Amino acid sequence: MEWRRRDYRVERPLLNQEQLEELGRWGPAPRARPWRASLQCSRARARALLLQRLPVAAWLPRYPLCEWLLGDLLSGLSVAIMQLPQGLAYALLAGLPPVFGLYSSFYPVFVYFLFGTSRHISVGTFAVMSVMVGSVTEALAPDENFLQNGNSTVNATEARDAERVALASSLSVLVGLFQVGLGLVHFGFVVTYLSEPLVRGYTTAAAVQVFVSQLKYVFGLKLSSFSGPLSLVYTLLEVGWKLPQSKVGSVVTAAVAGMVLVAVKLLNDKLKRCLPLPLPGELLTLIGATAISYGVGLEARFGVDVVGSIPTGLVPPVAPRPELFASLVGNAFAIAVVGFAIAISLGKIFALRHGYRVDSNQELVALGLSNLVGGIFQCFPVSCSMSRSLVQESAGGNTQVAGAVSSLFILIIILKLGELFKDLPKAVLAAIVIVNLKGMLLQARDVCALWRANRVDLLIWLVTFAATLLLNLDVGLAVAVGFSLLLVVVRTQRPRYSVLGQLPDTDVYRDVAEYAEAREVPGVKVFRSSATVYFANADLYSDALKQRCGVDVDHLISRKKKLLRKQELRLRRLQKEKPQQQAAASTGTSIPIDVHTPDGAIKSQDADGPQAPQVSPEPGPAGAAGGQDDAQAWGSGSLQGLGLAPPAFHSLVLDLGALSFADTVCIKSLKNVFRDFRDVEVQVYLAGCQAPVVAQLEAGGFFDASISKQHLFASVHDAVLFALQHPRSGPASPVLVTKL
């Protein structure tokens with residue numbers, strides 16, 4: 001686009017804050033009280049509350065059957081085809097029998113259909129959530145606790161599975177309670193503390209943990225359960241130690257299944273323009289592996305572990321065990337936050353793409369109810385899956401009717417077809433999990449991109465990744481959030497400080513270090529910080545201001561006070577010697593005192609006799625021995641009169657356009673700046689303050705007899721023009737000198 005220069009000229013009066021408020025007829029904005037509306041009771045309010053908390057009642061009556069039904073049916077079927085193998089696989093990832101993955105693919109999905117606001121995300125089992133649940137179940141119910149006292153392997157496995165199911169369902173209830181509670185108090189903004197680099201680094205590390213957790217199924221190994229910090233390292237060491245014990249049948253089964261899955265995915269990418277729906281590679285692999293396992297007898301002949309019996313039918317609701325909540329509360333909060341962060345980030349992406357709005361607080365409530373109801377029916381915590389959500393969108397899904405269709409398909413599997421997959425090798429499920437980790441593992445390429453774009457975000461990514469790998473998922477998340485917030489504080493403590501200069505023939509002021517044509521206005525120093533000033537960086541702001549101004553203000557004030565103290569002591573000495581003069585006059589002796597002498601040197605002279613010896617005067621502050629001019633200089637409190645070089649500028653303008661709030665420490669720091677620079681005969685002005693900041697300054701007692709709103713200006717240029725019209729003031733008044 002060709003740039004054409006266009007000039008504009010604006011004539012207006014110079015405006016300080018008082019004049020600006022008078023011109024604009026400023027008045028305090030009316031305070032919004034949304035809680036009053038929430039307490040009102042009416043039919044309209046009840047209907048609005050119902051539609052807000054039950055969104056399906058708002059969109060389902062207006063559902064366009066002819067336009068959207070076919071797309072939702074095909075989309076729901078496609079998602080269900082993916083949901084079936086992933087549910088079985090992610091249940092193993094959570095340390096539970098596979099059938100509980102099917103339960104978790106039915107109940108929560110249907111509940112979200114009723115309460116969710118996103119039209120395209122696919123709620124259900126997800127690898128990151130499953131591995132977080134698995135870390136809890138394996139830590140609180142390890143295998144070693146059930147292989148004692150001579151119990152048989154079958155009984156020990158059943159007891160272990162029952163205990164882990166109780167843990168997972170109680171965990172799901174607790175996660176749901178956290179999410180519902182946070183959503184009802186409008187705490188959906190908590191996800192804003194999880195930045196994109198943090199989430200991507202966390203999910204990448206979680207993908208590595210998922211990959212490592214599936215190695216025991218790939219190689220057919222029996223591994224110990226490790227939890228806590230460095231559990232990933234211990235697992236890798238044990239895998240390496242027991243690698244010679246690997247079962248060839250499991251390795252071959254996993255390798256073949258993985259290659260088939262990768263080939264089908266590549267074929268789908270190649271033919272996505274020709275195929276109306278992507279080929280269901282996971283379902284085809286599942287059916288084929290089950291048939292081969294049943295026909296060949298992989299378990300009996302090659303020792304390949306299979307899923308085993310899958311009970312048909314639904315389980316009755318079971319109350320959670322409250323005695324477990326104390327040991328689950330920390331992990332539950334972490335899972336609640338991570339699950340919501342993943343769901344809301346995907347939901348906002350699809351909402352932006354299709355032009356609708358997602359309510360973050362209602363999403364939190366919807367996910368919470370999904371986990372709460374699911375936990376009662378022995379499900380483990382769920383979130384949404386990126387791969388299934390993309391399939392749901394690309395297959396023509398328009399609403400959560402697609403989710404309802406997929407949950408009904410899973411219900412049919414649970415009721416009638418689940419038993420058919422009892423010969424499915426666990427190595428195939430492990431291969432499905434590993435292949436689906438491709439997208440998250442490829443996030444490691446963020447390192448190169450962040451190195452070029454923003455190295456602070458790269459640091460957040462790396463710290464999150466390392467902490468999650470080494471300290472486990474729950475502690476790693478806490479460390480990542482803490483480090484991210486600490487980094488925000490550090491970045492505000494070390495902002496960019498600039499001395500501004502005026503661009504030629506404009507009212508624009510820019511950093512003189514960056515703009516070669518920017519010139520400092522003679523006699524005026526303009527200073528700006530790129531961050532707000534608050535308790536954590538107020539001292540740094542003051543130090544940077546004094547350093548960039550090129551004047552050692554503290555040293556200059558210290559020298560001035562010392563010289564004024566010396567002058568005061570000399571004046572007191574003269575006042576003490578005055579009675580002696582009067583006494584000498586009464587006895588006929590004349591003792592004239594020259595008050596204009598710097599050191600109060602006294603010339604004694606007899607009235608009748610010759611002149612007495614004269615006291616040698618000490619050199620004054622400016623090196624003068626005496627005289628009329630020096631006496632007048634000592635009588636004043638100016639720097640020049642005291643023999644000190646004043647600063648090269650008479651006015652200081654602080655550009656506070658970046659100030660978003662003013663706490664008490666900020667107000668005190670600004671008052672100190674006014675006091676210190678006035679002591680060295682520099683007037684201070686503020687510019688660019690927003691109205692809320694001015695109100696906070698006024699409420700904090702910033703304005704007094706010496707600082708008024710006439711020291712605040714609408715812009716930097718207004719302040720500079722005023723400073724040029726009012727150069728350095730004269731010497732300080734005797735009252736101010738006395739106060740020093």
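Above this text you will find the structure in question.
J.: How should the packing of aromatic side chains be read in this particular structure?
T.: Two aromatic rings are characterised by how far apart their centres lie and by the angle between their planes. One pass over the structure, following the stated rule, counts 20 aromatic pairs. An angle of 80 degrees between the planes, with centres 5.5 Å apart, marks the rings of Phe178 and Phe333 as edge-to-face. Of this pair, Phe178 sits in helix H9 (residues 153–184) while Phe333 sits in helix H16 (residues 325–354), placing them 155 residues apart in sequence. What makes Phe333 partly exposed here is its relative accessible area of 36%. Ring plane angle 70 degrees and centroid distance 5.5 Å describe the contact between Phe527 and Tyr541, whose orientation is recorded as edge-to-face. One end of the pair, Phe527, is in strand S5 (residues 524–529); the other, Tyr541, is in helix H25 (residues 538–548), with 14 residues separating them in the sequence. For Phe527, a relative accessible area of 0% corresponds to the buried category. Clustering of aromatic rings is evident, with ring pairs tying together Trp59, Tyr63, Trp68, Phe110 and Phe113.

J.: Would you mind going over the packing of helix H8 (residues 127–140) against helix H10 (residues 196–213) with me for this structure?
T.: For any two helices packed against each other, the geometry comes down to the angle between their axes and how far apart the axes lie. In contact at an axis separation of 9 Å, H8 and H10 are set at 60 degrees when each is read in the N-to-C sense. One element, H8, and the other, H10, form an angle in the oblique class. Here the hand of the crossing between H8 and H10 comes out left-handed. The residues of H10 that touch H8, namely those facing Ala127, Val128, Val131 and Met132, are Tyr202, Thr203, Ala206, Gln209 and Val210. Split by residue class, the contact of H8 with H10 holds 7 nonpolar, 2 polar and no charged.

J.: How should the environment of His717 be read in this particular structure?
T.: Looking at the element boundaries, His717 is found in helix H30 (residues 716–725). For the pair His717 and Val526, spaced 191 residues apart in the sequence, the C-alpha separation amounts to 9.9 Å.

J.: Got a minute to help me understand helix H24 (residues 473–493) in this structure?
T.: Structurally, the α-helix is built with 3.6 residues per turn, so residues lying three or four positions apart point the same way. Compared with an ideal rise of 1.5 Å per residue, which puts 21 residues at 30 Å, H24 spans 30 Å between its outermost C-alpha atoms and is within 8% of the ideal. Along H24, the positions that sit buried rather than exposed are Leu473, Gly476, Leu477, Ala480, Val481, Ser484, Leu487 and Thr492. The buried residues of H24 occupy one face: seen down the axis, they fall within an arc of 145 degrees. Facing away from the buried side of H24, by more than 90 degrees, are the exposed residues Ala478 and Leu486. Of the surrounding elements, those touching the buried residues of H24 are H8, H10, H16 and helix H23 (455–471).

J.: Explanation requested: the sheet that holds S5 in the structure shown.
T.: Backbone hydrogen bonds hold the strands of a sheet together, and the pairing may be parallel or antiparallel. Strand order in the open sheet formed by 6 strands is S4-S3-S5-S8-S9-S10, and the pairing between neighbours is mixed. Of all strands in the sheet, those with a lone pairing partner are strand S4 (509–511) and strand S10 (712–713), marking the two edges. Looking at chain direction, S5 and strand S8 (residues 651–655) are connected through 5 bridges and run parallel. Bridge pairing links Lys525 to Leu652 in S8.

Parameters and conventions
- Residues numbered from 1 in each chain as written.
- Predicted model: local features only at pLDDT ≥ 70, side-chain atom pairs only at ≥ 80, totals over all residues.
- Heavy atoms only, no water.
- Phe/Tyr/Trp six-rings, centres within 6.5 Å; stacked < 30°, edge-to-face > 60°.
- Helix = DSSP H or I, 4+ residues; strand = E, 2+ residues; numbered from the N terminus.
- Buried < 20%, exposed > 50% of the residue type's maximum accessible area, 1.4 Å probe, protein only.
- Axes fitted to C-alpha atoms, helices over the stretch in contact; angles between N-to-C directions.
- Parallel < 35°, antiparallel > 145°, perpendicular 65-115°, else oblique.
- Left-handed = near helix turned anticlockwise from the far one by under 90°.
- Contact = heavy atoms within 4.5 Å.
- Nonpolar A, V, L, I, M, F, W, Y, C, P; charged D, E, K, R; others polar.
- Expected span 1.5 Å × (residues − 1).
- Arc of directions from axis to C-beta.
- Pairing = 2+ DSSP bridges.

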